[in-house]
Each structure stands twice: as structure tokens, then as C-alpha cells.
Amino acid sequence: MKIPMKKLLYILPIFILLLSCNEDPSKVQKDERFKTVYGLERTLENSQKAGVIGDMSKNQCTNIEAMELIAYPNITANKTTFQFNIDSKRTVNLFIETALGDDEFLDSLSTNGVAVLTRLTQHESYFKESLYYDEFDRGSNVISIVLEQYDNGVYYIIYEDSEGNNSCFPIVIQRLN
């Protein structure tokens, strides 16, 4: 059966409209394990705080003030240093977890002087992987974490220890090439 070109020109736009109105959410929205990043503390390579981007109070993290958690630099390209303070010897496990960036947060990255050449793409699949596991002494501790194997995007660094404490810290990996 041959469809005349004129009819096809009338039918094709209606077909395209029907496809674009599909209410089926993406895979990302179906996976409830994703947490959203609404803001982060921007830090420089020397651990100096450079301000807050977005609204950190909306992040789905508990933050233990006494631990003085900090990751620097944040925004990073290949590695970050994670610093924390503990009051007794304990085993610490650090994880990296994919997260979604809130649209307002992603938009505010470039308006706050962060060199974002391309918009960070949202992760399509969820993962949580162990980055570091070791025993640490009381006091200030520092861990250098290589992140070269992870794609550009928004993540949470998750802190868990043998005393039952847990916290998380949003981080952005952005390579400009």
C-alpha cells in the first residue's frame, strides 16, 4: 500500500506530537535510590572554602558537625582529598554514590564562576561503590581519593564508620576536555 506524500505530510506531525507527549518517565526517575544534590560547598585545592553553590539545607545528608568533614577541591577533575576529625580509633568506609543534580543547582554552577563548558549530564544508572576502607586513629585524618574512573557528574561521598556514624558530602566531577 502506497501512502501519497501529501497524506504523509499531514500524518507525520501528528505522529511526532503523540510520541513527544509520552508520559513514560526515564529510567533515572524510576530508580528511587538516587538522592538529589541541591547545593554544595565549593572548596579550593588548598582546602580553603570558596562559598556555597545552591541550597545545601535541602540535601538528603546528615552532617556531623564535630567531624568537620570537608572534600577539596570541590569541584574536581581527577582526585579529591577527604578530611575528617574523629574522637576515637575506628574503621572508616568511604563510598561514592551517583546522585542527581537539581536543575536550579546545575544552572547556578555556571553563574557562580565555575567553568562548566557543557551542562553536566544526569546519571542514567545508579551505583554505590566503596572508595576506601581502613582503620584510623583519633584526631584529624586525611585521605586522597582518585576519581579518574568516574564520569563527569554529581555524586555523594558517603562516610560510614564502625561507631555507627554516617554522613555524606556532595561532590561534582567536571573535566573540561
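Please read these numbers as outputs of a predicted model, since none were measured by experiment.

Asker: I tried to follow the overall build of the protein on my own but got confused; where do I start?
Answerer: A tally of helices and strands in the protein yields three helices and ten strands. Along the chain direction, N to C, the helices and strands of the protein fall in the order α-α-β-β-β-β-β-β-α-β-β-β-β. Burial status across the protein gives 39% buried among its 177 residues. Contacts spanning at least 24 positions in sequence make up 71% of the contacts within the protein whose residues lie at least 6 apart. Element-wise, carbon and sulfur atoms account for 50% of the exposed surface of the protein, whose accessible area totals about 10,900 Å².

Asker: Help me understand the environment of S88, please; the structure alone is not making it clear to me.
Answerer: Checked against the element boundaries, S88 lands in the loop between strand 5 (79-86) and strand 6 (90-101). Classification of S88 by relative accessible area gives partly exposed; the value is 24%. Residues S88 and D137, spaced 49 residues apart in sequence, show a C-alpha to C-alpha distance of 6.5 Å. Apart from the residues within four sequence positions on either side, S88 is in contact with F136, R138 and E163. In terms of polar contacts, S88 uses its side chain to reach the side chain of R90, at 3.0 Å.

Asker: Can you walk me through the confidence of the model for the protein in this structure?
Answerer: Taken as a whole, the protein shows an average pLDDT of 81; of its residues, 76% reach a score of 70 or greater. The spread of mean pLDDT over the elements of the protein runs between helix 1 (residues 5-20), the lowest at 49, and strand 7 (residues 128-136), the highest at 95. Residue range residues 15-28 is modelled with pLDDT below 50. Its contacts to residues more than four positions away, or to other chains, number seven contacts.

Asker: Whenever I open this one, the sheet that holds strand 8 (residues 139-146) confuses me. Can you help?
Answerer: Hydrogen bonds between backbone atoms are what pair the strands of a sheet, whose relative direction is either parallel or antiparallel. Read across the open sheet, the three strands follow the order 4-5-8; overall the sheet is antiparallel. Only two strands of the sheet have a single partner each, and these edge strands are strand 4 (70-72) and strand 8. Adjacent strand axes in the sheet meet at a mean angle of 20°, parallel and antiparallel pairs treated alike. Note: strand 4 against strand 5, three bridges, orientation antiparallel. Following the sheet pairing, A71 is matched in strand 5 by F82.

Asker: Explanation requested: the pairing of strand 2 (residues 39-43) in the structure shown.
Answerer: Put simply, side chains in a regular strand alternate between the two faces of the sheet. The element strand 2 is largely enclosed, with a buried count of four among its five residues. For strand 2 and strand 3 (residues 49-54), the ladder comprises five bridges, and the chain directions are antiparallel. Considered in strand 3, the bridge of R42 is made with G51. The turn joining strand 2 and strand 3, which pair antiparallel and follow one another in sequence, is formed by five residues; a positive phi near 75° is taken by S47.

Asker: Could you clarify how one ought to interpret the pattern of salt bridges in this entry?
Answerer: Two side chains carrying opposite charge are able to pair once their charged atoms lie near each other. Tallying each qualifying case throughout the model produces six salt bridges. Between E97 and K35 there is a salt bridge whose closest N-O contact spans 3.2 Å. Placement of the pair is E97 in strand 6 and K35 in strand 1 (residues 35-37), with a sequence separation of 62 residues. Since its relative accessible area comes to 4%, E97 is described here as buried. Taken together, the shared-partner salt bridges in this structure form one network comprising D87, R90 and D161.

Asker: Please explain the state of the cysteines as it appears in this structure.
Answerer: Two cysteines joined by a covalent bond between their sulfur atoms form a disulfide. Evaluated as defined, the whole model comprises one disulfide. Between the sulfur atoms of C61 and its disulfide partner C168 the distance amounts to 1.5 Å. Here the S-S torsion is close to -115°, and the disulfide linking C61 with C168 is therefore left-handed. On the criterion of sequence distance, the pair formed by C61 in the loop between strand 3 and strand 4 and C168 in strand 10 (residues 166-173) is long-range, its members being 107 residues apart. A relative accessible area of 24% places C61 in the partly exposed class.

Conventions and cut-offs
Residues numbered from 1 in each chain as written. Predicted model: local features only at pLDDT ≥ 70, side-chain atom pairs only at ≥ 80, totals over all residues. Heavy atoms only, no water. Helix = DSSP H or I, 4+ residues; strand = E, 2+ residues; numbered from the N terminus. Buried < 20%, exposed > 50% of the residue type's maximum accessible area, 1.4 Å probe, protein only. Contact = heavy atoms within 4.5 Å. Areas by Shrake-Rupley, 256 points an atom, 1.4 Å probe, with all protein chains shown as cover. Polar contact = N/O pair within 3.5 Å; in protein donor to acceptor, adjacent residues only side chain to side chain. pLDDT = per-residue confidence, 0-100. Pairing = 2+ DSSP bridges. Axes fitted to C-alpha atoms, helices over the stretch in contact; angles between N-to-C directions. Salt bridge = Lys/Arg side-chain N within 4 Å of Asp/Glu carboxyl O. Disulfide = S-S within 2.5 Å.

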